[in-house]
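# Coordinate inspection notes
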Amino acid sequence: KKCTPCDRDKKEYQNEEGATYCKICSRGKVHEGAMVCEGLGCKEESLVKIELSENPFLFSETAAGETLIIPCNPEKLSEVGDKIYRHCVYDEEQYTAYWGIPNFAMCP
């Protein structure tokens, strides 16, 4: 059976030799040759919100389209408390990911 080449413009790729189907790279870029899907995400970032803490809030690397949740008070990780939510926005047209605005207002 002859395989149909994957269409990079349709975000199709295949990295398994002999496969008879294409995979879809839903949140990433397909490189030349349609063999690699590079996932997109937001890089680690720290922000200082001096009204809340002298220490920076660390937002770890997060996949595109996902929301990261961190505690308002990093010193009390085991306690249930107020949380900061920050979404890693996926821009489908530009094939990019970027951090949204964190909701620091949720912290007392």
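### Let's talk about the nonpolar core
- Ranked by size, the top nonpolar core spans 11 residues in total: Cys-42, Phe-57, Phe-59, Leu-68, Ile-70, Cys-72, Ile-84, Cys-88, Trp-99, Phe-104 and Cys-107.
- Counting only elements with at least two residues in this core, the list comes to β7 (57-59), β9 (67-71) and β10 (83-91).
- When near neighbours in sequence (up to four residues on either side) are disregarded, Cys-42 contacts Glu-61, Thr-62, Cys-88, Val-89, Ala-97, Tyr-98 and Trp-99.
- Cys-6, Cys-25, Val-30 and Ala-34 belong to the second-largest nonpolar core, a separate cluster that totals five residues.

### Here's the deal with the confidence of the model for the protein
- On average, the protein scores 82 in pLDDT, and the residues at 70 or more come to 88%.
- Looking across the protein, the model is least confident in strand β3 (residues 28-30), with a mean pLDDT of 75, and most confident in strand β6 (residues 45-47), with 94.

### Focus: the sheet that holds β9
- Pairing is antiparallel across the open sheet formed by three strands, whose spatial order is β9-β10-β11. Of all strands in the sheet, those bounded by a partner on one side alone are β9 and β11 (96-99). Geometrically, the sheet is characterised by an average inter-axis angle of 20° between neighbouring strands, direction not taken into account.
- Bridge count for β10 against β11 is four bridges, and the pairing is antiparallel. When the bridges of β11 are listed, Val-89 appears paired with Tyr-98.

### Describing the state of the cysteines
- Following the criterion strictly, the structure yields three disulfides and no others.
- Here Cys-42 is linked by a disulfide to Cys-88, with a sulfur-sulfur distance of 2.1 Å. Around the S-S axis, the bridge from Cys-42 to Cys-88 shows a dihedral of about 95° and counts as right-handed. Remark: Cys-88 occurs in strand β10 and Cys-42 occurs in strand β5 (residues 41-42); sequence separation between them is 46 residues. For the pair Cys-42 and Cys-88, a shared accessibility class is recorded, and that class is buried.

### Quick word on the packing of aromatic side chains
- All told, the structure shown has three aromatic pairs when counted by the stated rule.
- Look at Phe-59 and Trp-99: their rings are 6.0 Å apart centre to centre, the planes differ by 55°, and that puts the pair in the tilted class. Here Trp-99 lies in strand β11 and Phe-59 lies in strand β7, a separation of 40 residues in the sequence. Across the pair, Trp-99 and Phe-59 agree in class, each one buried.
- Consider the rings of Phe-59 and Phe-104, whose centres lie 6.4 Å apart with planes at 70°: the pair is edge-to-face. With a gap of 45 residues between them, Phe-59 in strand β7 and Phe-104 in the segment after β11 connect regions that are remote in the sequence.
- Assessed through its relative accessible area of 12%, Phe-104 is described here as buried.
- An aromatic cluster of three or more residues is present, and its members are Phe-57, Phe-59, Trp-99 and Phe-104.

### With respect to the environment of Trp-99
- For Trp-99, a relative accessible area of 14% puts it in the buried group.
- Between the C-alpha atoms of Trp-99 and Phe-59, which are 40 residues apart in sequence, the distance is 9.4 Å.
- The residues touching Trp-99, leaving out its near neighbours within four places in the chain, are Cys-42, Lys-43, Glu-45, Phe-59, Ser-60, Thr-62, Leu-68, Arg-86, His-87 and Cys-88.
- At 2.8 Å, the side chain of Trp-99 and the backbone oxygen of Lys-43 are in polar contact.

Calculation criteria
- Residues numbered from 1 in each chain as written.
- Predicted model: local features only at pLDDT ≥ 70, side-chain atom pairs only at ≥ 80, totals over all residues.
- Heavy atoms only, no water.
- Core = buried A, V, L, I, M, F, W, Y, C linked by side-chain atoms within 4.5 Å.
- Buried < 20%, exposed > 50% of the residue type's maximum accessible area, 1.4 Å probe, protein only.
- Helix = DSSP H or I, 4+ residues; strand = E, 2+ residues; numbered from the N terminus.
- Contact = heavy atoms within 4.5 Å.
- pLDDT = per-residue confidence, 0-100.
- Pairing = 2+ DSSP bridges.
- Axes fitted to C-alpha atoms, helices over the stretch in contact; angles between N-to-C directions.
- Disulfide = S-S within 2.5 Å.
- Phe/Tyr/Trp six-rings, centres within 6.5 Å; stacked < 30°, edge-to-face > 60°.
- Polar contact = N/O pair within 3.5 Å; in protein donor to acceptor, adjacent residues only side chain to side chain.

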